[in-house]
Amino acid sequence: FVIQRYRMSSDDRELIARAQHEPGFFGVVYQKYLKRIYTYVWYRVGRSKELAEDFVQETFLRAYKHLPSFRLSSLSYLSYLTRIAHNIVVSYYRKKKTISLESTPDIPVDTEIPARLEIRLNAKTVQEKLRQLKRVERDVLAMRYTKGFSIRDIAGRLNKSENAVKLILSRARTPLRSKIPPEDAPA
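Residues numbered from 1 in each chain as written. Predicted model: local features only at pLDDT ≥ 70, side-chain atom pairs only at ≥ 80, totals over all residues. Heavy atoms only, no water.

## Observations concerning the pattern of salt bridges
At step 1: Scanning the model with the defined rule gives six salt bridges in all.
At step 2: For Glu53, the salt bridge is made with Lys49, and the minimal N-O distance between the two is 4.0 Å. Taken as a pair, Glu53 and Lys49 lie in helix H3 (residues 49-65) at a separation of four residues, close to a single helical turn.
At step 3: Note on Lys49: relative accessible area 48%, which makes it partly exposed.
At step 4: Where Glu162 meets Arg152, a salt bridge forms, and the shortest distance between an N and an O atom there is 3.2 Å. (Salt bridge = Lys/Arg side-chain N within 4 Å of Asp/Glu carboxyl O. Helix = DSSP H or I, 4+ residues; strand = E, 2+ residues; numbered from the N terminus. Buried < 20%, exposed > 50% of the residue type's maximum accessible area, 1.4 Å probe, protein only.)

Put into C-alpha coordinates, the structure is as follows:
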(Lines give C-alpha, C1' and ligand atoms only; values in the text may rest on other atoms or scores of the structure.)
Protein backbone atom coordinates (compact mmCIF):
# COMPACT_ATOMS: atom_id res chain seq x y z
CA PHE A 1 0.00 0.00 0.00
CA VAL A 2 1.29 3.44 -0.91
CA ILE A 3 -0.05 6.75 0.39
CA GLN A 4 0.74 9.66 -1.84
CA ARG A 5 2.91 12.25 -0.13
CA TYR A 6 2.41 15.71 -1.52
CA ARG A 7 4.45 18.74 -0.58
CA MET A 8 2.67 21.37 1.46
CA SER A 9 2.00 24.50 -0.54
CA SER A 10 2.09 27.97 0.93
CA ASP A 11 -1.72 28.09 0.54
CA ASP A 12 -2.00 24.98 2.72
CA ARG A 13 0.34 26.46 5.30
CA GLU A 14 -1.76 29.61 5.54
CA LEU A 15 -5.01 27.63 5.60
CA ILE A 16 -3.89 25.33 8.43
CA ALA A 17 -2.27 28.15 10.42
CA ARG A 18 -5.50 30.16 10.21
CA ALA A 19 -7.60 27.15 11.23
CA GLN A 20 -5.31 26.60 14.22
CA HIS A 21 -5.97 30.17 15.39
CA GLU A 22 -9.62 30.29 14.34
CA PRO A 23 -11.16 26.83 14.91
CA GLY A 24 -14.32 27.84 13.01
CA PHE A 25 -12.16 28.16 9.90
CA PHE A 26 -11.67 24.38 9.90
CA GLY A 27 -14.83 24.23 7.77
CA VAL A 28 -12.80 25.62 4.87
CA VAL A 29 -10.20 22.88 5.37
CA TYR A 30 -13.03 20.33 5.47
CA GLN A 31 -14.54 21.60 2.21
CA LYS A 32 -11.15 21.64 0.49
CA TYR A 33 -10.31 18.01 1.26
CA LEU A 34 -13.71 16.33 1.69
CA LYS A 35 -14.08 14.92 -1.83
CA ARG A 36 -10.55 13.52 -2.02
CA ILE A 37 -10.72 11.85 1.39
CA TYR A 38 -14.20 10.49 0.66
CA THR A 39 -13.02 9.01 -2.65
CA TYR A 40 -9.94 7.53 -0.99
CA VAL A 41 -12.03 5.84 1.71
CA TRP A 42 -14.92 4.84 -0.57
CA TYR A 43 -12.70 2.69 -2.79
CA ARG A 44 -11.12 1.01 0.21
CA VAL A 45 -14.37 0.02 1.92
CA GLY A 46 -15.86 -1.74 -1.07
CA ARG A 47 -17.71 1.34 -2.32
CA SER A 48 -19.97 1.39 0.70
CA LYS A 49 -21.47 4.86 1.00
CA GLU A 50 -22.42 4.38 4.66
CA LEU A 51 -18.98 3.16 5.75
CA ALA A 52 -17.24 5.82 3.68
CA GLU A 53 -19.33 8.59 5.24
CA ASP A 54 -18.69 7.27 8.74
CA PHE A 55 -14.95 6.93 8.18
CA VAL A 56 -14.64 10.35 6.56
CA GLN A 57 -16.47 11.90 9.49
CA GLU A 58 -14.12 10.10 11.89
CA THR A 59 -11.10 11.27 9.85
CA PHE A 60 -12.07 14.93 10.09
CA LEU A 61 -13.05 14.63 13.75
CA ARG A 62 -9.62 13.24 14.58
CA ALA A 63 -7.91 15.91 12.49
CA TYR A 64 -9.94 18.66 14.18
CA LYS A 65 -9.22 17.23 17.63
CA HIS A 66 -5.47 17.27 16.94
CA LEU A 67 -5.43 20.53 14.99
CA PRO A 68 -3.90 22.59 17.84
CA SER A 69 -0.96 20.18 18.12
CA PHE A 70 -0.50 19.68 14.36
CA ARG A 71 2.95 20.84 13.27
CA LEU A 72 3.48 22.15 9.78
CA SER A 73 6.01 20.12 7.83
CA SER A 74 7.01 19.71 4.23
CA LEU A 75 4.18 17.21 3.68
CA SER A 76 0.73 18.44 2.77
CA TYR A 77 -2.30 18.39 5.00
CA LEU A 78 -3.87 16.03 2.46
CA SER A 79 -1.12 13.49 3.22
CA TYR A 80 -1.88 13.89 6.92
CA LEU A 81 -5.62 13.38 6.39
CA THR A 82 -5.00 10.42 4.11
CA ARG A 83 -2.85 8.77 6.77
CA ILE A 84 -5.63 9.22 9.35
CA ALA A 85 -8.20 7.77 6.93
CA HIS A 86 -5.89 4.86 6.12
CA ASN A 87 -5.47 4.05 9.80
CA ILE A 88 -9.25 4.07 10.32
CA VAL A 89 -9.79 1.70 7.38
CA VAL A 90 -7.02 -0.62 8.56
CA SER A 91 -8.53 -0.71 12.06
CA TYR A 92 -11.91 -1.56 10.57
CA TYR A 93 -10.51 -4.51 8.59
CA ARG A 94 -8.47 -5.72 11.56
CA LYS A 95 -11.63 -5.80 13.65
CA LYS A 96 -13.37 -7.84 10.96
CA LYS A 97 -10.52 -10.38 11.33
CA THR A 98 -10.90 -11.63 7.77
CA ILE A 99 -10.32 -9.89 4.51
CA SER A 100 -11.45 -11.76 1.44
CA LEU A 101 -10.78 -10.75 -2.14
CA GLU A 102 -14.43 -9.86 -2.45
CA SER A 103 -14.15 -7.34 0.37
CA THR A 104 -11.01 -5.66 -0.92
CA PRO A 105 -11.52 -2.45 -2.84
CA ASP A 106 -11.48 -2.33 -6.59
CA ILE A 107 -9.09 -0.13 -8.47
CA PRO A 108 -10.99 2.68 -10.17
CA VAL A 109 -11.64 1.88 -13.83
CA ASP A 110 -10.91 5.23 -15.37
CA THR A 111 -7.47 4.55 -16.77
CA GLU A 112 -6.07 4.20 -20.25
CA ILE A 113 -5.68 0.43 -20.16
CA PRO A 114 -9.11 -0.38 -18.64
CA ALA A 115 -10.78 2.03 -21.08
CA ARG A 116 -9.41 -0.08 -23.94
CA LEU A 117 -10.30 -3.27 -22.13
CA GLU A 118 -13.90 -2.21 -21.68
CA ILE A 119 -14.29 -2.25 -25.44
CA ARG A 120 -13.86 -6.04 -25.36
CA LEU A 121 -14.58 -6.97 -21.75
CA ASN A 122 -17.12 -5.95 -19.20
CA ALA A 123 -15.98 -4.17 -16.05
CA LYS A 124 -16.46 -7.27 -13.91
CA THR A 125 -13.98 -9.25 -15.95
CA VAL A 126 -11.48 -6.41 -15.70
CA GLN A 127 -11.87 -6.28 -11.92
CA GLU A 128 -11.42 -10.07 -11.69
CA LYS A 129 -8.19 -9.83 -13.67
CA LEU A 130 -6.97 -6.94 -11.52
CA ARG A 131 -7.72 -8.89 -8.32
CA GLN A 132 -5.48 -11.70 -9.56
CA LEU A 133 -2.51 -9.34 -9.66
CA LYS A 134 -0.13 -8.89 -6.76
CA ARG A 135 -0.81 -5.86 -4.56
CA VAL A 136 2.34 -4.07 -5.75
CA GLU A 137 1.28 -4.62 -9.38
CA ARG A 138 -2.17 -3.11 -8.71
CA ASP A 139 -0.57 -0.18 -6.89
CA VAL A 140 1.89 0.49 -9.71
CA LEU A 141 -0.91 0.27 -12.33
CA ALA A 142 -3.00 2.70 -10.32
CA MET A 143 -0.12 5.14 -9.87
CA ARG A 144 0.79 5.00 -13.56
CA TYR A 145 -2.65 5.05 -15.20
CA THR A 146 -5.01 6.52 -12.60
CA LYS A 147 -2.74 9.09 -11.00
CA GLY A 148 -0.61 9.70 -14.11
CA PHE A 149 2.76 9.37 -12.36
CA SER A 150 5.88 8.92 -14.46
CA ILE A 151 8.01 5.80 -14.16
CA ARG A 152 10.61 7.92 -12.33
CA ASP A 153 8.02 9.19 -9.81
CA ILE A 154 6.76 5.67 -9.13
CA ALA A 155 10.30 4.38 -8.69
CA GLY A 156 11.03 7.15 -6.19
CA ARG A 157 7.85 6.53 -4.23
CA LEU A 158 8.46 2.78 -4.02
CA ASN A 159 12.22 3.08 -3.54
CA LYS A 160 12.81 0.88 -6.60
CA SER A 161 14.77 1.35 -9.79
CA GLU A 162 13.01 2.58 -12.92
CA ASN A 163 13.73 -0.78 -14.57
CA ALA A 164 12.08 -2.61 -11.66
CA VAL A 165 8.97 -0.44 -12.06
CA LYS A 166 8.89 -1.11 -15.82
CA LEU A 167 9.15 -4.84 -15.12
CA ILE A 168 6.30 -4.69 -12.61
CA LEU A 169 4.15 -2.78 -15.13
CA SER A 170 4.96 -5.28 -17.85
CA ARG A 171 4.06 -8.23 -15.63
CA ALA A 172 0.85 -6.53 -14.50
CA ARG A 173 -0.27 -5.74 -18.06
CA THR A 174 0.41 -9.23 -19.45
CA PRO A 175 -2.68 -10.98 -18.02
CA LEU A 176 -4.82 -8.00 -19.00
CA ARG A 177 -3.44 -8.02 -22.54
CA SER A 178 -4.16 -11.74 -23.03
CA LYS A 179 -7.90 -11.04 -23.32
CA ILE A 180 -7.55 -8.29 -25.92
CA PRO A 181 -7.11 -8.90 -29.66
CA PRO A 182 -3.61 -7.77 -30.80
CA GLU A 183 -4.85 -4.74 -32.73
CA ASP A 184 -6.40 -3.29 -29.56
CA ALA A 185 -3.66 -4.27 -27.11
CA PRO A 186 -2.05 -1.41 -25.17
CA ALA A 187 1.56 -0.62 -25.94
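## Considering the packing of helix H2 (residues 26-44) against H3
At step 1: Closest axis-to-axis distance for the H2/H3 pair is 9 Å, and the angle between their directions is 140°. Classified by the interaxial angle, the pair formed by H2 and H3 is oblique. As H2 runs across H3, the sense of the crossing is right-handed. Packed against H2, whose contacting residues are Phe26, Val29, Tyr30, Tyr33, Leu34, Ile37, Tyr38, Val41 and Trp42, the element H3 presents Lys49, Ala52, Glu53, Phe55, Val56, Thr59, Phe60, Ala63 and Tyr64 at the interface.
At step 2: Counted by class, the contact of H2 with H3 contains 15 nonpolar, one polar and two charged residues. (Axes fitted to C-alpha atoms, helices over the stretch in contact; angles between N-to-C directions. Parallel < 35°, antiparallel > 145°, perpendicular 65-115°, else oblique. Left-handed = near helix turned anticlockwise from the far one by under 90°. Contact = heavy atoms within 4.5 Å. Nonpolar A, V, L, I, M, F, W, Y, C, P; charged D, E, K, R; others polar.)

## Digging into the packing of helix H7 (residues 135-146) against helix H8 (residues 151-158)
At step 1: As a packed pair, H7 and H8 sit with axes 10 Å apart at the nearest point and diverge in direction by 140°. One finds that H7 runs oblique with respect to H8. At the point where H7 passes H8, the crossing takes the right-handed sense. Packed against H7, whose contacting residues are Val140, Met143 and Arg144, the element H8 presents Ile151, Ile154, Arg157 and Leu158 at the interface.
At step 2: When the residues that make up the contact of H7 with H8 are grouped by side-chain class, the tally is five nonpolar, no polar and two charged.

## Thoughts on unusual backbone geometry
As a rule of thumb, non-glycine residues mostly have phi less than zero, and peptide bonds are mostly trans rather than cis.
At step 1: With a phi close to 60°, Arg47 is a non-glycine residue in the positive phi region.
At step 2: By secondary structure assignment, the location of Arg47 is in the loop between H2 and H3.
At step 3: The class of Arg47 is partly exposed, set by a relative accessible area of 35%.
At step 4: Even without glycine at this site, Asn159 takes up a positive phi of about 55°.
At step 5: Relative to the helices and strands, Asn159 is located in the loop between H8 and helix H9 (162-177).

## As for the nonpolar core
At step 1: Core analysis: the biggest nonpolar cluster contains 26 residues, and Val29, Tyr33, Ile37, Val41 and Tyr77 have the highest contact counts within it.
At step 2: Contributions of two or more residues to this core are made by helix H1 (10-21), H2, H3 and helix H4 (77-96).
At step 3: With eight residues, the top contributor of residues to this core is H4.
At step 4: In this structure, Leu130, Tyr145, Ile154 and Ala172 belong to the second largest nonpolar core, which totals 15 residues. (Core = buried A, V, L, I, M, F, W, Y, C linked by side-chain atoms within 4.5 Å.)

By themselves, these figures tell us nothing about what the structure is for.
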